[in-house]
Amino acid sequence: MQVTFPDGFLWGSATAAYQVEGAATEGGRGTSIWDTFSHTPGKTWHGDTGDIADDQYHRLDADLDLLAELGLRAYRFSVAWPRVQPEGSGAVNEAGLDYYRRLVDGLNRRSITPCLTLYHWDLPQPLQDAGGWPDREIVGRFTDYAGIVYGALGDQVPMWLTLNEPWVAAWMGYGNGKHAPGIANEAQALVATHHLLLAHGSAIEAMRSIGSGDSKLGITLNLTPARAAGDDPADERAAARVDGNANRLFLDPIFRGRYPQDMIDHYRPVSDFSFVREGDLETIATEIDWLGVNYYFGNRVAGDPSDPERGFVVLPPEGNTTAMGWPIEPDTMASLLERLDSEYTKLPIYITENGAAFHDYVDPEGGVDDPERVEFLDAHFRAAHAAIENGVNLRGYFVWSFLDNFEWSFGYSKRFGLVFVDYGTQTRTPKQSARWYAEVIKDNAVGRA
Ligand code: IFM
């Protein structure tokens, strides 16, 4: 069945600086925590780094032409903080800002809407050396940086995001150490969460005070629904704990100006929340214009008999999975969107990331067939459409990702792109899914009649 989206629905695709740019030591760029982490033996798959990545820094015009050729209406990219402020504070590197001026100008000239993320995890290393996100000083540093970028590009970029996935930055960077800077400490992850949220609110206030026409300001959260594996109350409690950490710990302060009481109780053994100072929650809850949602999957959660009070067990997926081993659950996305609408906000919502890694390869004819990705996207677009029919204010969708790229600790072993990248030659080959997506965009509909 064909389903048609509302007029003006914004179809796009997304990337992030460290995953695609390369040119890690060029144009005056400083070092980020991801440079340090990826160059530390044992931290990434095969020791892969973002030094070269997709080399988008040197191939910008060709990549922008490809976006246009595929008919994409919007491109979400991130600014590398260490390109703009190599030390994370103080002097601005104009050559770094120029790169993003070229990028934004190139998008606008091709009538592709720029959507800019200020922070997609590449913290300048000097700021980590000074304490990183667990240190409150970082709030001022991020606010300054946001003001610099907004001052330079505010009038040319209509869509702004302060942070990408603060849960990942806090809980994988400082909680389990699987991401940079590689620290595994629950208390630090919790403080980092607060400072990320505070930096977000403070940056929004700073950008608003600069004032730049109609640009819309928001934040992107990765939201991961958690459902109890069974009727056992222990499963229900464990699922509520996982939901609290992954979702409510971020949504409640932003939309309700408070941390959830069950999370304050849960973290009492490691923190008394004294890092929350007067006025912080008002700043965090500063009004935004839109919410970005990155959705990949939901979790089935059971109680942990060895730690009934604080523990949980995420059960293995029951059905089909992606190359990441993630369950494929489009209906969970629809119910997540409906929950956001009924419990948190009527603001415009955009899916700022959704997509999947599969085992893609160039076949002997030179093509890349990825029917799994077409099926995945088809099902998720239909779920998005169902949510709209149910009243959700969903305005657009950015497929992750435009190009295959550096998948963090998985290095180059996972391919999420609509476009296949041969890393050795940097050849781009649009996959079957890219051509299919181009038709969806043209029709503003899924399931051509
Ligand atoms: O590649 C990442 C991206 O940087 C943030 N969201 C999830 C993607 C896939 O893991």
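Relevant structure appears above.
Residues numbered from 1 in each chain as written. Predicted model: local features only at pLDDT ≥ 70, side-chain atom pairs only at ≥ 80, totals over all residues. Heavy atoms only, no water.

Engineer: I'm lost on the overall build of the protein in this one. Help?
Structural biologist: Counting its regular elements, the protein contains 15 helices and 15 strands. In summary, the protein has a C-alpha radius of gyration of 21 Å against a globular reference of 22 Å for 449 residues, a match within 12%. Once the C-alpha set of the protein is aligned to its principal axes, its extents read approximately 60 × 55 × 45 Å. A sequence separation of at least 24 residues applies to 77% of the contacts in the protein between residues at least 6 apart. Summed over its atoms, the accessible surface of the protein is roughly 16800 Å², and 49% of this surface lies on carbon and sulfur atoms. The positive charge centre, built from 37 side chains, and the negative charge centre, built from 64, are 1 Å apart in the protein. (Helix = DSSP H or I, 4+ residues; strand = E, 2+ residues; numbered from the N terminus. Rg over C-alpha atoms; globule rule 2.2 N^0.38 Å. Contact = heavy atoms within 4.5 Å. Areas by Shrake-Rupley, 256 points an atom, 1.4 Å probe, with all protein chains shown as cover. Lys, Arg positive; Asp, Glu negative; His and termini not counted. Charge placed at Lys NZ, Arg CZ, Asp CG, Glu CD.)

Engineer: Please explain the site of the ligand as it appears in this structure.
Structural biologist: Around the ligand, the surrounding shell consists of Gln-19, His-120, Trp-121, Asn-164, Glu-165, Tyr-296, Trp-326, Glu-353, Trp-400, Glu-407, Trp-408 and Phe-416. In this structure, an oxygen atom belonging to the ligand sits 2.7 Å away from a side-chain N or O atom of Gln-19. In this structure, an oxygen atom belonging to the ligand sits 2.5 Å away from a side-chain N or O atom of Glu-407. Protein coverage of the free-state accessible area of the ligand, which is 280 Å², stands at 95%. (Near = heavy atom within 4 Å. Polar contact = N/O pair within 3.5 Å; in protein donor to acceptor, adjacent residues only side chain to side chain.)

Engineer: It is not clear to me how the pattern of salt bridges should be interpreted in this structure. Could you clarify?
Structural biologist: In a structure, side chains of opposite charge can pair up when their charged atoms sit close to one another. By the definition in use, this model includes 33 salt bridges. Salt-bridge contacts for Arg-59 lead to Asp-55; the nearest nitrogen and oxygen are separated by 3.0 Å. Note on Arg-59: relative accessible area 30%, which makes it partly exposed. What you see here is one network of salt bridges that share partners, running through Asp-360, Asp-370, Arg-373, Asp-404, Arg-415 and Lys-431. (Salt bridge = Lys/Arg side-chain N within 4 Å of Asp/Glu carboxyl O. Buried < 20%, exposed > 50% of the residue type's maximum accessible area, 1.4 Å probe, protein only.)

Engineer: What exactly am I supposed to notice about the environment of Gly-417 here?
Structural biologist: Looking at the secondary structure, you find Gly-417 in the loop between strand E12 (394-400) and strand E13 (419-422). It is 5.2 Å that separates the C-alpha atoms of Gly-417 and Phe-402, two residues lying 15 residues apart in sequence. Every residue in contact with Gly-417, bar those within four places of it in the chain, is listed here: Arg-373, Ser-401, Phe-402, Leu-403, Asp-404 and Lys-431.

Engineer: Quick question: what am I supposed to make of the pairing of strand E2 (residues 10-14) here?
Structural biologist: If a strand is regular, its side chains alternate between the two faces of the sheet. Counting buried residues in E2 gives five out of five residues, a clear majority hidden from the surface. Here E2 shows two buried faces, one formed by Leu-10, Gly-12 and Ala-14 and the other by Trp-11 and Ser-13. In terms of strand pairing, E2 meets E12 through five bridges, oriented parallel. Within E12, the residue paired with Ser-13 across the bridge is Val-399. Both E2 and strand E3 (residues 74-78) contribute to a ladder of three bridges, which runs parallel. (Pairing = 2+ DSSP bridges.)

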